[in-house]
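Here is what each chain is made of, one letter per residue.
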Amino acid sequence: MGLEKEKSDTSIIMDEDEFNRSIEPILSKKGTLYTAAPDRDPNDINAHLKVGFEDVIAEPISSHSFDRVWIGSHAAFELVKFMFYRVLTTLLAVPMAFILGVVFGVLSCIHIWLVMPVIQSFLMLLPSVQVVWRSLTDMFVTPLFHSMGKCLSSVHVKTSEN
């Protein structure tokens, strides 16, 4: 419990056969294992951006271009889309991440430290305001509308045809 004065030594003793068997999976020569790329959009919020060549350019059966033109235009589309995305993200990703971090940080701060305390204060004051409002309407508005109703209840409207 922190009062020990002696250092403890830990060692693992393995014979050579056991060592070779335990390291075999690490040094296997079966091939290089590639891990799948991590899903950078796990909530699928950008599903509408999964656009392929066939979604943009489609030739109906009645009119086809030459196969080499189709393959070349497909390759050019994918290459240009890939390169422009890489160039634009290289130029804009870090500044936009910085700006959006600042914006969401400010919004979070405003929401946590300003909006919610004001809302909670109003919710605490509303019962007393409700009592005051009810008594004001009972003193002024209700008698006014009762007297207007009594005055206007004697009015009769007749419609006649000419």
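Here goes a summary of the coordinates provided. The structure displayed is predicted, hence computed values, not measured ones.

Quick word on the overall build of the protein
Then step 1. If you tally the helices and strands in the protein, you get three helices and zero strands.
Then step 2. Shown N-terminal to C-terminal, the secondary structure of the protein runs as helices and strands in the order α-α-α.
Then step 3. Total accessible area computed for the protein in this model is approximately 16,100 Å², and 67% of it derives from carbon and sulfur atoms.

Quick notes on the pattern of salt bridges
Then step 1. One pass over the full model with this rule turns up two salt bridges.
Then step 2. Lysine 50 is paired through a salt bridge with aspartate 44; the nearest N and O atoms lie 3.1 Å apart.
Then step 3. We classify lysine 50 as exposed; its relative accessible area is 58%.

With respect to the packing of aromatic side chains
Then step 1. Applying the stated criterion across every chain, the model contains two aromatic pairs.
Then step 2. Between phenylalanine 53 and tryptophan 70, the ring centres sit 4.9 Å apart and the planes meet at 65 degrees, which makes this aromatic pair edge-to-face. One end of the pair, phenylalanine 53, is in helix α2 (residues 53–56); the other, tryptophan 70, is in helix α3 (residues 67–152), and 17 residues separate them in sequence.
Then step 3. Overall, the relative accessible area of 24% leaves tryptophan 70 in the partly exposed class.
Then step 4. An aromatic cluster of three or more residues is present, and its members are Phe53, Trp70 and Phe77.

Quick notes on the layout of surface pockets
Then step 1. In this structure, the largest pocket occupies an estimated 390 Å³ of space.
Then step 2. Lining of the largest pocket is provided by Asn46, Leu49, Lys50, Val51, Lys81, Phe82 and Tyr85.
Then step 3. Of the residues contributing to the lining of the largest pocket, the split by class is four nonpolar, one polar and two charged.
Then step 4. Here the second largest pocket is characterised by a volume of approximately 250 Å³.
Then step 5. If you trace the second largest pocket, you find it lined by Asp39, Arg40, Asp41, Asp44, Asn46, Lys50, Tyr85, Arg86 and Thr89.
Then step 6. Per-class residue counts for the lining of the second largest pocket are one nonpolar, two polar and six charged.

What counts, and where the lines are drawn
Residues numbered from 1 in each chain as written. Predicted model: local features only at pLDDT ≥ 70, side-chain atom pairs only at ≥ 80, totals over all residues. Heavy atoms only, no water. Helix = DSSP H or I, 4+ residues; strand = E, 2+ residues; numbered from the N terminus. Areas by Shrake-Rupley, 256 points an atom, 1.4 Å probe, with all protein chains shown as cover. Salt bridge = Lys/Arg side-chain N within 4 Å of Asp/Glu carboxyl O. Buried < 20%, exposed > 50% of the residue type's maximum accessible area, 1.4 Å probe, protein only. Phe/Tyr/Trp six-rings, centres within 6.5 Å; stacked < 30°, edge-to-face > 60°. 1 Å grid on protein atoms, 1.4 Å probe; cavity = no way out; pocket = protein on both sides within 12 Å on 5 of 7 lines; lining within 4 Å. Points joined across faces, edges and corners; volume = space filled by probe spheres on them. Nonpolar A, V, L, I, M, F, W, Y, C, P; charged D, E, K, R; others polar.

Shape is all these values report; function is a separate question.
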